[in-house]
Amino acid sequence: MKPLKKILIPIILVTGFLFLDYYNNFYKDNTAFESDSIYLYVSENDTLAFIDSISKYIKSEKSFNRVAKSLGYVDNKKTGRFKINKGIGNKDIIRSLKFNNTPFTLTFNNQERIEDLAGRVSKQIHEDSLSLIKAFNDPDFLKENNLSKTNILSIFIPNSYNIYWDISAEEFRDKMLDEYNKFWNQDRTKKAELIGLDKLEVISLASIVQIESRKIDERPRVAGLYINRLKDNMRLQADPTVIYTIKEYYNNFDTIIRRVLYRDLKLESEFNTYRIKGLPPGPITMPDISSIDAVLNFEKHNFLFMVANPSNRGYHLFASDLKGHNRNKKAYIRWINSRGIYRWFNLKVSDSDHQHIF
């Protein structure tokens, strides 16, 4: 028995040591963060060098590397945003990095141009803004969906979306198109047809309504005014389109336009509704859902003119004829004069069908 005992004891010790080493490497808690979980971001260009980002969350880089290599993770790395729970060992960390790609809520709203949207989105997903712009403006995509670079912004409905961080630019674009098509359900589509506008035209008009009135409850009335003008074959003469034209003309969309001059009304642009009839060829901003629905559910009235309401800031005074508009305008002028405000935009209402002054 003694010779057997001498043989068994080392075997047991070695086995115990190997088991303990295996346990420590694979199953012992190797997390080093206080929260219940953290997220790790892995891109296609990352190697185990991404340990730099994980090192502050684990206790032992050496054991993590060892297990990662033994489980074949190094040669089978996954990209994505991975949730790592507190209190788990290297094996479960690796499993999480393989199978626990977790979506997040991406949001965007009121972007003025497709470039602005790409910049906003690129801060939330793996793709850079240039890749996104290239995908958005892909000629084949635009042609296939009857879109153009001028109106591509229309398909992006401001909302919150569940997105995977490692989604490609093309996949993101296609998902937004799917969401756009879902947004245009049977009810909305029918309402657009009754107005006599197609979906893209509704979005363009909604973008004007969006900027014209920041008050959600007033937007159906503003939308009704513009629809009346369209029906009467009047120019929209919407000041927000002039402001957009100025930014486009000087190629400076970062500036804030506080004053519109007479010369600005003459700027050549397919967006300048003082020069063109009908709607511009695309949106001048990304309209909220409330603005889109305001167009689809516009208030029926006879108003053709509007001016800022001095006694109810943020709202407007409406008129159905030039006489009523002149009366409202005088009240507004008295108000701005009383406050010493002289930098404002004025039009000769005697020879213009202008509906709004700032």
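Up top is the structure these notes are about.
Just so it is clear, the structure is predicted and the values come from calculations on it, not from any experiment.

Cut-offs applied
- Residues numbered from 1 in each chain as written.
- Predicted model: local features only at pLDDT ≥ 70, side-chain atom pairs only at ≥ 80, totals over all residues.
- Heavy atoms only, no water.
- Helix = DSSP H or I, 4+ residues; strand = E, 2+ residues; numbered from the N terminus.
- Polar contact = N/O pair within 3.5 Å; in protein donor to acceptor, adjacent residues only side chain to side chain.
- Contact = heavy atoms within 4.5 Å.
- Buried < 20%, exposed > 50% of the residue type's maximum accessible area, 1.4 Å probe, protein only.
- Arc of directions from axis to C-beta.
- Patch = residues over 30% accessible without salt bridge, like charges linked within 9 Å, V, L, I, M, F, W, Y side chains within 5 Å.
- Areas by Shrake-Rupley, 256 points an atom, 1.4 Å probe, with all protein chains shown as cover.
- Salt bridge = Lys/Arg side-chain N within 4 Å of Asp/Glu carboxyl O.
- Pairing = 2+ DSSP bridges.
- Core = buried A, V, L, I, M, F, W, Y, C linked by side-chain atoms within 4.5 Å.

**Student:** Help me out: how do you make sense of the side chain of K247 in this one?
**Tutor:** Considering the arrangement of structural elements, one finds K247 in helix α12 (residues 239-249). Within the local environment of K247, its side chain forms a polar contact with the side chain of E112, the two groups lying 3.1 Å apart. Other than its neighbours up to four places away in sequence, K247 contacts E112, N252, F253, T255 and I257.

**Student:** For this particular structure, what's the right way to read helix α9 (residues 186-195)?
**Tutor:** Each full turn of the α-helix corresponds to 3.6 residues, which orients residues three or four apart in the same direction. Among the residues making up α9, those that are buried are R188, A192 and I195. Viewed along the axis of α9, the buried residues span an arc of 60°, placing them on a single side of the element. Turned more than 90 degrees away from the buried face of α9, the exposed residues are Q186, E193 and L194. The positive-phi residue at the C-terminal boundary of α9 is G196, with phi of around 95°.

**Student:** Explain a nonpolar patch on the surface here, please?
**Tutor:** A surface patch of nonpolar side chains, amounting to about 300 Å² of accessible area, comprises Y22, Y23 and Y27. Along the polypeptide, Y27 turns up in the loop between α1 (2-26) and β1 (37-42).

**Student:** Explanation requested: the pairing of strand β5 (residues 305-308) in the structure shown.
**Tutor:** The side chains of a regular strand alternate, first on one face of the sheet and then on the other. Side chains F305 and V307 of β5 all project onto a buried face; the interleaved residues M306 and A308 project onto the opposite face, where all are buried too. Note: β5 against strand β6 (residues 316-319), four bridges, orientation antiparallel. Its bridge partner being in β6, M306 is matched across the sheet by F318.

**Student:** Just to check I follow, could you spell out the nonpolar core for this structure?
**Tutor:** Here is a general trend for soluble globular proteins: nonpolar side chains tend to be buried in one another's company. Core analysis: the biggest nonpolar cluster contains 59 residues, and F108, F156, F172 and Y226 have the highest contact counts within it. If we skip the residues at most four places from it in the chain, F108 touches L117, R120, V121, F156, I157, P158, N159, Y161, F172, M176 and M286.

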